[in-house]
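# Breakdown of the fold
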Amino acid sequence: MCALDMFRLCAYLLKNQGQITAITARQYASMKTLKYSTSNTNTLVYNLSGVNGLKTGSTNRAGYCIAVSLPVTRGGETHNIVLVLLGAETPELRGQAAEILLRWAQDYYAGHDFRPAA
């Protein structure tokens, strides 16, 4: 799956299955009946307010990857910034690069008018 495919999947999920973020944004999850608990491998849910998680993963070929969304509100409208990052060398670099890019996108979105010129 390429970055564009992952972006399209994330956009579809956010538009049609938005409730998924109630799970993917969690820092921790547990299943009491199975006596199992886990923490989210997406470090952004701990470090960047509002992040909706989505997906982390790694393979030898793809490296460490992440797909994450961050809702931003401007002019009363809320939109999701979706970031797909593939090929990081370590999980730490994946999280650092994703956080830098999301913070930049958030600042850029806040400072620009994206409405069509009249």
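This is a predicted model, so every value here is computed, not measured. (Residues numbered from 1 in each chain as written. Predicted model: local features only at pLDDT ≥ 70, side-chain atom pairs only at ≥ 80, totals over all residues. Heavy atoms only, no water.)

## Some details on the overall build of the protein
How we decide: Strands here mean DSSP runs of E at least two residues long; helices mean DSSP runs of H or I at least four residues long; both are numbered from the N terminus. Between buried and exposed lies partly exposed: a residue is buried under 20% and exposed over 50% of the maximum accessible area for its type, with that area taken using a 1.4 Å probe on protein chains only. Using a 1.4 Å probe, the Shrake-Rupley method yields the accessible areas, and only the shown protein chains count as cover for residues.
From N to C terminus, the protein includes four helices and five strands. Over its C-alpha atoms, taken along the principal directions, the protein stretches across nearly 60 × 35 × 25 Å. The 118 residues of the protein split such that 30% are buried. Of the accessible surface of the protein, which amounts to about 8200 Å², a share of 55% is contributed by carbon and sulfur atoms.

## Section: the layout of surface pockets
Stated formally: For each structure, a 1 Å grid was placed over the protein atoms alone; sets of points admitting a 1.4 Å probe that cannot get out are labelled cavities, open sets with protein on both sides within 12 Å along at least five of seven lines are labelled pockets, and lining residues have an atom within 4 Å of a point. Grid points are joined across faces, edges and corners, and a volume is the space filled by probe spheres set on the points. Here the term charged refers only to Asp, Glu, Lys and Arg, the term nonpolar to Ala, Val, Leu, Ile, Met, Phe, Trp, Tyr, Cys and Pro, and the term polar to all other amino acids, Gly among them.
Taken as a whole, the largest pocket spans an internal volume of roughly 240 Å³. Around the largest pocket sit 14 residues that line it, and M1, M6, A62, C65 and L86 are the ones nearest its centre. Where the lining of the largest pocket is concerned, the elements lending two or more residues are strand 3 (54–59), strand 4 (63–74) and strand 5 (77–88). In terms of residues, the lining of the largest pocket owes the most to one element, strand 3, which gives five residues. Among the residues forming the lining of the largest pocket, the class breakdown is nine nonpolar, four polar and one charged.

## Some details on the confidence of the model for the protein
Note the threshold: As a per-residue measure, pLDDT reflects the predictor's confidence and takes values from 0 up to 100.
When pLDDT is averaged along the protein, the result is 90; 94% of the residues meet or exceed 70. Within the protein, helix 1 (residues 3–16) carries the highest mean pLDDT (95), whereas strand 1 (residues 28–31) carries the lowest (88).

## Observations concerning the sheet that holds strand 4
Note the cut-off: Here, a strand pair is defined by DSSP locating no fewer than two bridges between the strands. An axis is simply a line fitted to the C-alpha atoms; with a helix, the fit covers only the stretch in contact. Between two such axes, the angle follows the N-to-C directions and lies from 0 to 180 degrees.
In spatial order, the strands read 3-4-5; together these three strands make up an open sheet with antiparallel pairing. Strands with a single pairing partner mark the edges of an open sheet, and in this sheet they are strand 3 and strand 5. Ignoring strand direction, the axes of neighbouring strands in this sheet form an average angle of 15 degrees. Sheet topology note: the strand 4/strand 5 ladder contains 10 bridges and is antiparallel.

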